[in-house]
Each structure stands twice: as structure tokens, then as C-alpha cells.
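Residue-level structure breakdown
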Amino acid sequence: MIKKHINNVSPGMVLGKPIYGENYEVLLKKGVELTQGYIDRLKARGYACLYIEDKETEDIVINDPISDKIRLMATKDVLKTYKVTQSAIADIEADTSESIMRSINTPKVKRTFQESQAFKQLVEDIDSFLDEIMGQDILSGLNSIKTVDNYTFEHSIDAAIISLIIAKRLYFDKKKLKQIAIGEFLHDIGKIFIDVKLLNKPGKLTNEEFAMVKQHTSFGYELLKDIDAIGYVSAHIPYQHHERQDGKGYPRGLLGSNKLDKGEITYVEHDKMIMGAEVAAIADVYDACISDRPYRAGLPPDTVYELIKNGAGTQFNEEIVRYFLGVMPKYPAGSEIKVIHGIYKGFVGVVASVEISQMTRPRVKLLYDDKQNKIKPIEIDLSRDASFEIQCI
Ligand SMILES: [Fe+2]
Ligand SMILES: [Fe+2]
């Protein structure tokens, strides 16, 4: 299987993963042969990349960190929780930050959220989500297909997966992992109180608009803070996921410790970010940058990997970044790559597999020469040949 930009997908190619619609109905099944009509309609819906199954890459397995069944279950839980809470604010007229805060604190909004079947189901389903994640040591196949309709929900699930795989390495017990999962699933729930036109506005936001978007952190916290089933950590992940180690984040400009206390999710110092949020901050940026947004493909995984690495110490907790780099391959399996140094310079292919001991030096399969001619596939193990350098395309 290979992940291809939709502009490089042509009729006759076979879909490697199913495509879901707005309410998670199956639009196209895995194994469907794509026609020009399908490709055009997917483009019109804003799909930037597709997973394609073909002869050359049939031996390449993109392992999902969770099964389709569990992903679908969790995504639907998040979607329903958002929608039911949104319904409670439908008739509330509030456009300033203060009036939105007041309306979040009305019993109607709080009760609708807390007593909804959707939220109860979300909490109940977390165990089976955790059971699957706990079997994973390496993050791959994470690049879920996101569209304008499902972005926030898929992003919440992917951010949860990244956080939990890091957190597992940090020896958090199951209770703490569950707190992280709830916090991550709901980390952007504050966005439901912000005008969707503003959230999806193409181009640059004005200062006032950006100030409003930033409030999603405080709005989310306000909704969750005194709900028993949520608890301190799960409410502070939405509140703190945009804070930075150097204090230049928002909403409160908290500092980070750049240290790690294995197994501890919060710190004694109350003016610092909690560790759960420090993990969430990394997961949030990684997934937001790598994700395809409507009409633009996500940044290449190696670029985002470097971005996180370079943010260590200032933006992100440097100790946690080390753990992140230990579970996140620089070039995930199934990514399209180009050789930029070595005898096959200019050749194009795909990442075939990644070993946990060699997170930056995968095995690749070259499929095209430097003139874009199809070639008999050449396999190279980068961990055995230091002269090769590759780049995701
Ligand atoms: Fe956010
Ligand atoms: Fe986010």
C-alpha cells in the first residue's frame, strides 16, 4: 500500500483504505477500483491524499495503531459528544468571550454535556481503545484521511493515539492513560463555541479573530472543569495544550519544566504545565501539521519530525520529545520518498518498513528512476548504507 496525493491517483487504481462520509457512512469500500468520476468527486469533497493498493507496493503493510472498528467507534463517540453539546447552545446568542463563558456555565449546557448518552458512551468505550493502543510500540499509519467535515474528530483521535503511545513509554498506569485519553478526545471541544466560519476561514486571521480562536482552550476548560467523570487532568489538557515551555503559549503563558518525572502526570508546582498537557502539546502540533486539510496536503512526515525536534526546549518539553522521537518514525511506512543523496539520486519510491531500533533509517523500495521511468523495484536498507539520504515527497 502507498499513500498518494490525489493528483497522482489515476482511474484503475485500487483503494487501500475505505473512505467515510460526514457521518461515518462508508462512501467507498477498500478494494474499490477508482474511476475518474470517483476521483473527481473525492477531489470536490476536499480529499488531498488516498491510500492505494498496487502490485509494486502490495508487500508494504501500513500498520494502523488501532483497528478500523475501534477508530470508528471512538470517532463517532467524539462526534456525537460535540454535536449534542452544540445543540444545547444553538439558541444562545453570544459573541463576546465573556458572554460565551457565561453561557457555558448555564446548567442547560453543562447538563446536556454531562448527562448525554454520547459522553457516557465515550467514557465507556475508552477501555477498548486503550486495549488496542497498548499493543503498539511504534507510531505508523497514523495519517488518517481528514476532510473539512471530519477534521476535528479524526484529529482528536490521532492526537490521543500519539499521546498514549508516548505516555505508555513514560510508565503511566491505566488510570492515568484513561485521563489522557479523555482529555485528548475533548482537547478542542471549546471550538464548538466559536463561529465555524471563523474556524474554517481561509487566509490570515485578524488579531481579534485569532484572540477568539485561542479562547477554545479556556472555553473547553470551562465546560469540563467541574464534571466528576472528567477530573483535573482531563480538563487541563484542553486548557493547556497550546502552552509552551518558554511561556510564550496561550491562554495563560504557563512555563514548562523541560524535565520528566516518570509516572507522574502532574507537577507539584502549580504555575507550570502539567505533564499530560506537555505530551498533548507535541501530539497536537504533530498531527495538525501532518494532516491533510481541505485542498492542501499535510506537511511531509520528515518535515514535521524535524519541526518537533527543533521545538524541543522552547516549545516542547525536551525530555518528552526524546521519547516521542523514539516511537515516531521519521519516514513512516507507505510514504512516498525521493533519494537526494547516493548512487540512486533522483529515484523515487516508497518506505517499505521501519524497525524500532532504526527509526530514522528505514528500508525503502525504489520504483522510478530519475527520469520518472518505471523500473524493476530496487530495495535498499538505509540502516546498512549510510551514503543514502532520502526525503519524503
Ligand atoms: Fe487546540
Ligand atoms: Fe488540536
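The shown structure was predicted, so the numbers you read here are calculated from the model rather than taken from an experiment. (Residues numbered from 1 in each chain as written. Chains lettered and ligands numbered in written order. Predicted model: local features only at pLDDT ≥ 70, side-chain atom pairs only at ≥ 80, totals over all residues. Heavy atoms only, no water.)

Taken as a whole, this structure holds 19 salt bridges when the rule is applied. The closest approach of N and O atoms between D188 and K191, which form a salt bridge, is 3.8 Å. Note that E319 and R322 form a salt bridge whose closest N and O atoms lie 3.1 Å from each other. In this pair, E319 and R322 are both assigned in helix α14 (residues 318-327), three residues apart and thus about one turn of the helix distant. Given the relative accessible area of 54%, R322 is considered exposed. Residues joined by salt bridges that share partners form a network here, namely R71, E154 and D158. (Salt bridge = Lys/Arg side-chain N within 4 Å of Asp/Glu carboxyl O. Helix = DSSP H or I, 4+ residues; strand = E, 2+ residues; numbered from the N terminus. Buried < 20%, exposed > 50% of the residue type's maximum accessible area, 1.4 Å probe, protein only.)

Our focus in this paragraph is the coordination of the iron ion (ligand 2). Expected angles at a metal are 109.5 degrees for tetrahedral coordination by four donors and either 90 or 180 degrees for octahedral coordination by six donors. The iron ion (ligand 2) binds to the protein through H155 (NE2), H187 (NE2), D188 (OD) and D284 (OD), with metal-donor distances spanning 2.0 to 2.3 Å. Considering all four donor atoms around the iron ion (ligand 2), angles at the metal cover 82 to 171 degrees and the coordination shape is irregular. Here the donor residues for the iron ion (ligand 2) map to a single chain with the spacing H-x31-H-D-x95-D. Separating the iron ion (ligand 2) from the iron ion (ligand 1) is a distance of 3.5 Å, and D188 supplies a donor atom to each of them. Linking H187 in the loop between α7 (174-185) and α8 (196-199) with D284 in helix α12 (residues 275-290), this pair joins segments that are 97 residues apart in sequence. (Donors = N, O, S within 2.8 Å, 3.2 Å for Na, K, Ca; no water. Tetrahedral: all angles 85-135°; square planar, octahedral: opposite > 155°, others 65-115°.)

The next thing to look at is the coordination of the iron ion (ligand 1). Here the iron ion (ligand 1) is held by the protein donor atoms D188 (OD), H216 (NE2), H241 (NE2) and H242 (NE2), which lie 2.2 to 2.3 Å from it. Classification of the site at the iron ion (ligand 1) rests on its four donor atoms, whose angles at the metal span 84 to 173 degrees, yielding the label irregular. Read in sequence order, the donor residues coordinating the iron ion (ligand 1) give the pattern D-x27-H-x24-H-H.

Further remarks concern the packing of aromatic side chains. All told, the structure shown has nine aromatic pairs when counted by the stated rule. Here the aromatic cluster, defined as three or more aromatic residues joined through ring pairs, consists of Y344, F347 and F388. (Phe/Tyr/Trp six-rings, centres within 6.5 Å; stacked < 30°, edge-to-face > 60°.)

Mapped onto the fold, S128 is located in helix α5 (residues 117-133). Note: C-alpha distance between S128 and A74 (54 residues apart in sequence) is 9.5 Å. Once you skip the residues sitting within four places of it in the chain, S128 turns out to touch I70 and M73. At 3.1 Å, the side chain of S128 forms a polar contact with the backbone oxygen of D125. (Contact = heavy atoms within 4.5 Å. Polar contact = N/O pair within 3.5 Å; in protein donor to acceptor, adjacent residues only side chain to side chain.)

Counting residues in hydrophobic clusters, the biggest one holds 82 residues, and the most contacted among them are F129, F185 and L186. Element by element, the count of residues in this core is highest for α12, at 11 residues. If we skip the residues at most four places from it in the chain, F129 touches I66, I70, A74, I157, A160, I161, L164 and F185. Within the second largest apolar cluster, 20 residues are counted, among which are I2, L28, I52 and I145. (Core = buried A, V, L, I, M, F, W, Y, C linked by side-chain atoms within 4.5 Å.)

Taken in spatial order, the five strands make up an open sheet running β9-β8-β7-β6-β10, and their pairing is antiparallel. Each edge of the sheet is formed by a strand with only one pairing partner; in this case those strands are β9 (374-381) and β10 (389-392). Across the sheet, the mean angle from the axis of one strand to that of its neighbour is 35 degrees, orientation sign disregarded. Of the pairings in the sheet, the one linking strand β7 (residues 348-353) to strand β8 (residues 363-368) comprises five bridges and is antiparallel in character. Among the inter-strand pairings, V351 is bridged to a residue of β8, identified as V364. (Pairing = 2+ DSSP bridges. Axes fitted to C-alpha atoms, helices over the stretch in contact; angles between N-to-C directions.)

A few words now on α7. Compared with an ideal rise of 1.5 Å per residue, which puts 12 residues at 16 Å, α7 spans 16 Å between its outermost C-alpha atoms and is within 8% of the ideal. Of all the residues in α7, the buried ones are K176, L177, I180, A181, I182, G183, E184 and F185. (Expected span 1.5 Å × (residues − 1).)

Every buried residue belonging to helix α13 (residues 301-311) is among P301, D302, V304, Y305, I308 and G311, and all of these are buried. Against α12, α14 and β10 lie the buried residues of α13. Count one or two residues on from α13 and you reach G313, which has phi positive near 100 degrees.

Another point: the domain arrangement of the protein. When its domains are assigned, the protein resolves into domain 1 (2-53), domain 2 (68-327) and domain 3 (336-392). Here domain 2 and domain 3 have C-alpha centroids that lie 35 Å from each other. Of the residues lining the interface, 10 residues belong to domain 2; the matching set on domain 3 comes to six residues. Together, I138, D302 and Y305 form the three largest contributors to the area buried by domain 2 at its contact with domain 3, with a combined 58%. For the pair domain 2 and domain 3, the interface holds zero salt bridges. Elements with a contribution of two residues or more to the side of domain 2 that touches domain 3: α13 and α14. Tallied by class, residues from the side of domain 2 that touches domain 3 come to six nonpolar, one polar and three charged. (Domains from an automatic or database assignment. Buried area = accessible area lost by both parts, 1.4 Å probe. Nonpolar A, V, L, I, M, F, W, Y, C, P; charged D, E, K, R; others polar.)

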